[in-house]
Amino acid sequence: MSKTEEKGTQRKPQNQRKSSGKAGREKTGSPRQYGEIFRTLTRRNASRSFRDYGIYTATLTAVSALMFAFHSLMFSEDILKLCEDGGLFIGSMIGAAAFFIVFIMAWLVGYIVRFMANRRSREFGTYLLLGVSGRRLAGMFIRENLILGGIAFALGLLPGMFFQQVLTSMFMGTMDKAYHLKAEISIWNILLTLGIYLVIFWIALLRAGRRLKKLNIRELMNAERANEEIRQKHISEKTLLFPMAVIYILIFMLLLWNNRINNANGIPLCLGLFGSVYLLYTGIAATVCRYADKGGRKIYKSANVFLIRQFSSKIRTMQFTMGTLTVLFTVALLVSSIALMFMDYQINMMEQANPFDILLFSPETEDRPLLEEKQKLLEDFGEIEDVYVYSIYTDGDTDMNDFFYDNLPFFQREGYEDLTAEGENPSYFSCDAYMKLSDYNYLRKAAGYRTVSLEEGTYLIHAKTRVKETAQKALKETLVLPNGEGLKGAELYTEGFCQSGLNGSDYLIIVSDQAAETLTPYYSLLEAQTSGVMKTGALDALDSADESYGKRTLGNSGMTYEDFYWADGTDEIFVYMAENFVKGEILDTMNFIITVVAYACIYTAVVFLCVALTVLSVQQLGDSGKYRFRYDTLRKLGLRPEKIHSVIRKQLLIYYMTPFVVSAVISWIIVKYISDSFVFYTGIRQNSILYFAGAAGAVAVLFLIYFAATYIGFKRNIEEKKIC
């Protein structure tokens, strides 16, 4: 055979191989066909996930609706008009809540994405066997979740608009402002909510995509077992973690109960509490496992062995997750309790503590040019009537001040430094403050209170509710007037009386007009009522008048207006520290601040609760298919359908209640500590534990909704083959 022929015979197989390769490519399809196949798969899988993870989708929809509704407050023209710096404040509060919500929602999305990926790991392994690249597989999975998130976001816009109207109406109602329902859609609100939503999914899916790209076929085929893997190493040692964690939590609660936690030890103790929550579940898992292995006396009673084994296997694979859910429940209970505290103060204390329309301060005692100028300024902002100018007096001593400094719990609490010893920022005026009876009765009548009488040789005290016990003790003291006359305490009154630096600070001593003649005028006040609504800007004008008088001399004393020390009392949390009180402007500002803070707390609490309950629900519903065989076995063993349904309820209830009960115990003592401090500093008449009860009741409603949805879905899943 010639070389030419030889070469020809060699080329022929090559041509044949080339032809067969071309035919093979035509048979498997073009890149465009590949793309269409994967797009179809993506849509089908997204539709299946939407159906299989309905509670997760519902939570995403609810959160997108809440985001849209709460973020709309930052762009509402009606709300922004209520406060000069309202946009900045409401933006900072809602923004702070959104910051935490982004990371919690990213954790939820990431957790569910990993859960979904593990359940579909065999499917993904099959795709790899068929030649699909890891990059394409990751891209397909990410697109599925983006479609799911996009659908939830779109579905959340309509209820979000409804919630927007509800929130705005409630907000305006708390401000006592009229509001008419209207369609108010801000493109900036939609873009902000969408942007936050995309950040959440970007944070969650970025890691999931990277993980899928690196997995091989063997890892994917075995990944489904990851959720069922039970580590039983060092069980005996781990059981010790349970009593250790319980002891630490009890010590923390005891320290908090006795007010032994301060700035120095607070952070380390709280970090220890945080860690003990996670160690608690490691200990619980080991303890339940050990009990199940040893076969306790009650384990074989009824369906206990089934429930204990189920709970044991579940908690051992979800120790960290259960700890995280407990933290979420605890935070939700705490912030919702704080929201109730703020709203309670807003409803029950704001108006009561400040009964006068206008009250203006001046250090003048004889001629009162500053008060005259302030009165003229007020007339430019609205109609004022019943103007009344009066004096606060002093005896030049500090006997009553000293009594309050020595006996009021505010000054006796641990860690408090008596600043009066250093001459810096004392809570009370430099001398005891007095008011004569005629002025007192006029003001009581103006505030809507009944007038009082005073027997000769006696005095009474008007004080804030929060210092009532100390003021009651002070009435036992005998006051000596400058002329040597002694006065005995008679009665105590605690109605709201503007006592944060105007009508005294915390307290005021009331004496007869005759006794007041022996006292020295200390400072002056102007009280007035308004007819109609005052224009905004009155406070700024009054403060400017004070500044213009700052360097002027007070009579013949040589003291300037600025030299006079003005004290605002011991109120904390909610206190308006200013020398001019215009009720309309001040209460509007304080109402605005309280409402925004309460809304931010409610926003955070609802989202945290939805996240925690969604994880619990998805875990049970996702595993319900695996439980089908086990419940079928119970049926074959003679368990009636109603008894099987009872076992399902018990299984879900144990699983749901474990993190909730732990969080309730921890948050109860923390809320009690916070609410006791709240009552102590604000003087609100409320049992502190009611705040926690109200928050727990609100949480229970959402808890029952998720539990009922999970129970119905779980029962439906195990009954697909009519086993019950």
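This text follows the structure it describes.
Please read these numbers as outputs of a predicted model, since none were measured by experiment.

A.B. asks: Before we move on, can you summarise the overall build of the protein with the specific residues and values?
C.D. replies: Looking only at helices and strands, one finds 25 helices and 11 strands in the protein. When the 724 residues of the protein are sorted by exposure, 50% land in the buried category. A sequence separation of at least 24 residues applies to 83% of the contacts in the protein between residues at least 6 apart. About 35800 Å² of surface is accessible on the protein, with carbon and sulfur atoms providing 57% of the total.

A.B. asks: Describe the side chain of Ser-500, with residues and values.
C.D. replies: Along the chain, the position of Ser-500 falls in strand β7 (residues 500–502). One polar contact links Ser-500 to Lys-464, side chain to side chain, over a distance of 3.0 Å.

A.B. asks: Which residues make up the pairing of strand β6 (residues 486–493), and what are the values?
C.D. replies: With four bridges connecting them, strand β4 (residues 458–463) and β6 associate as parallel partners. Each bridged residue has a counterpart across the sheet, and for Thr-458 the counterpart in β6 is Lys-488. In the sheet, strand β5 (residues 479–480) pairs with β6 via two bridges, with the strands oriented antiparallel. The residue of β6 that forms the bridge with Val-480 is Gly-486. As consecutive antiparallel partners, β5 and β6 are separated by five residues, and within that stretch Gly-484 has a phi angle of approximately 90 degrees, a positive value.

A.B. asks: Describe in detail the pairing of strand β1 (residues 358–362), supporting the description with residues and values.
C.D. replies: Taken across its five residues, β1 has five buried, putting it largely inside the fold. Burial along β1 is two-sided: the residues Ile-358, Leu-360 and Ser-362 and Leu-359 and Phe-361 are all buried. Across three bridges, β1 lies against strand β11 (residues 580–582) in antiparallel orientation. In the sheet register, Leu-360 faces β11, and the bridge partner there is Asn-580.

A.B. asks: How would you summarise empty space enclosed by the protein if you had to cite specific residues and measurements?
C.D. replies: To find leftover empty space, a probe the size of one water molecule is rolled over the atoms. The full count for this structure, using the stated rule, is one cavity of 30 Å³ or more. Taken together, the elements giving at least two residues each to the lining of the largest cavity come down to α13 (304–317), α23 (583–636) and α24 (641–682). For the lining of the largest cavity, the leading source of residues is α13, giving four residues. Classifying every residue of the lining of the largest cavity gives five nonpolar, three polar and one charged.

A.B. asks: I'd love a proper account of helix α8 (residues 187–214), names of residues and values included.
C.D. replies: Between the first and last C-alpha of α8 there are 40 Å, a value that for 28 residues agrees with the 40 Å anticipated at 1.5 Å per step. In α8, a bend of some 30 degrees at Leu-205 exceeds every other bend along the element. Turning to α8, its buried residues number three or more, namely Asn-189, Thr-193, Ile-196, Tyr-197, Ile-200, Phe-201, Ala-204, Leu-205, Ala-208, Gly-209 and Leu-212.

A.B. asks: How would you summarise the side chain of Arg-120 if you had to cite specific residues and measurements?
C.D. replies: Its place among the elements puts Arg-120 in the loop between α5 (86–119) and α6 (121–129). Look at Arg-120 and you get buried, because its relative accessible area is 8%. In this structure the side chain of Arg-120 is engaged in a polar contact, spanning 2.6 Å, whose partner is the side chain of Glu-144. Other than its neighbours up to four places away in sequence, Arg-120 contacts Asn-45, Arg-48, Ser-49, Phe-141 and Glu-144.

A.B. asks: Give a description of a nonpolar patch on the surface that names residues and reports values.
C.D. replies: Among the surface-exposed residues, Phe-99, Phe-100, Phe-103, Val-199, Trp-202, Ile-203 and Leu-206 lie close enough to one another that they form a single nonpolar patch of about 700 Å² accessible area. Listing elements by their share of the nonpolar patch, those giving two or more residues are α5 and α8. The element that contributes the greatest number of residues to the nonpolar patch is α8, accounting for four residues. Mapped onto the secondary structure, Val-199 falls in helix α8.

A.B. asks: Requested: an account of the packing of helix α14 (residues 319–348) against helix α25 (residues 689–718), with residues and values cited.
C.D. replies: Axis separation between α14 and α25 bottoms out at 8 Å; the angle between their running directions is 120 degrees. Considering their axes alone, α14 and α25 lie oblique with respect to each other. Of the two possible hands of crossing, α14 and α25 adopt the one that is right-handed. Contacts between α14 and α25 pair Leu-333, Ser-336, Ser-337, Leu-340, Met-341 and Asp-344 from the former with Tyr-691, Phe-692, Gly-694, Ala-695, Ala-696 and Val-699 from the latter.

A.B. asks: Report on a negative patch on the surface, specifying residues and quantitative values.
C.D. replies: Taken together, the side chains of Asp-397, Asp-399, Asp-402, Asp-406 and Glu-477 make up a negatively charged region of the molecular surface. Among the structural elements, Asp-402 can be located in helix α17 (residues 399–407).

A.B. asks: Outline the environment of Ile-249, listing residues and values.
C.D. replies: Within the secondary structure, Ile-249 sits in helix α11 (residues 241–257). A residue is classified by how much of its surface remains accessible, and Ile-249, at 8% relative accessible area, is buried. In the structure, Ile-249 is positioned 27 residues away from Ser-276 in sequence and 7.2 Å away in space, judged by C-alpha atoms. With residues up to four places along the chain from it excluded, the contact list for Ile-249 reads Leu-273, Ser-276, Leu-280 and Ile-666.

A.B. asks: Got a sec to walk through the packing of helix α7 (residues 134–174) against α8? Specific residues and values, please.
C.D. replies: The geometry of α7 relative to α8 is characterised by a closest axis approach of 10 Å and an angle of 155 degrees between their N-to-C directions. Judged by the inter-axis angle, α7 sits roughly antiparallel to α8. When you trace α7 past α8, the crossing you get is right-handed. For the pair α7 and α8, contact is made by Gly-134, Arg-135, Ala-138, Phe-141, Ile-142, Asn-145, Leu-146, Gly-149, Ala-152 and Phe-153 and by Ile-190, Thr-193, Leu-194, Tyr-197, Phe-201, Leu-205, Gly-209, Leu-212 and Lys-213, respectively. For the contact of α7 with α8, the per-class residue count stands at 12 nonpolar, five polar and two charged.

A.B. asks: Account for the nonpolar core, naming residues and giving values.
C.D. replies: Taken as a class, soluble globular proteins show a tendency for nonpolar side chains to be buried jointly. By size, the foremost hydrophobic cluster in this structure holds 190 residues, and its most contacted members are Tyr-56, Met-105, Ile-200, Met-435, Tyr-440, Tyr-603 and Tyr-631. It is α23 that contributes the most residues to this core, 27 residues altogether. Beyond its immediate chain neighbours, meaning those up to four positions away, Met-105 contacts Leu-60, Val-63, Ile-200, Val-607 and Val-611. The next biggest cluster of nonpolar side chains, apart from the first, holds 28 residues, and it includes Tyr-393, Phe-411, Tyr-459 and Tyr-507.

Calculation criteria
- Residues numbered from 1 in each chain as written.
- Predicted model: local features only at pLDDT ≥ 70, side-chain atom pairs only at ≥ 80, totals over all residues.
- Heavy atoms only, no water.
- Helix = DSSP H or I, 4+ residues; strand = E, 2+ residues; numbered from the N terminus.
- Buried < 20%, exposed > 50% of the residue type's maximum accessible area, 1.4 Å probe, protein only.
- Contact = heavy atoms within 4.5 Å.
- Areas by Shrake-Rupley, 256 points an atom, 1.4 Å probe, with all protein chains shown as cover.
- Polar contact = N/O pair within 3.5 Å; in protein donor to acceptor, adjacent residues only side chain to side chain.
- Pairing = 2+ DSSP bridges.
- 1 Å grid on protein atoms, 1.4 Å probe; cavity = no way out; pocket = protein on both sides within 12 Å on 5 of 7 lines; lining within 4 Å.
- Points joined across faces, edges and corners; volume = space filled by probe spheres on them.
- Nonpolar A, V, L, I, M, F, W, Y, C, P; charged D, E, K, R; others polar.
- Expected span 1.5 Å × (residues − 1).
- Bend = angle between axes of the 7 residues up to and from the residue.
- Patch = residues over 30% accessible without salt bridge, like charges linked within 9 Å, V, L, I, M, F, W, Y side chains within 5 Å.
- Salt bridge = Lys/Arg side-chain N within 4 Å of Asp/Glu carboxyl O.
- Axes fitted to C-alpha atoms, helices over the stretch in contact; angles between N-to-C directions.
- Parallel < 35°, antiparallel > 145°, perpendicular 65-115°, else oblique.
- Left-handed = near helix turned anticlockwise from the far one by under 90°.
- Lys, Arg positive; Asp, Glu negative; His and termini not counted.
- Charge placed at Lys NZ, Arg CZ, Asp CG, Glu CD.
- Core = buried A, V, L, I, M, F, W, Y, C linked by side-chain atoms within 4.5 Å.

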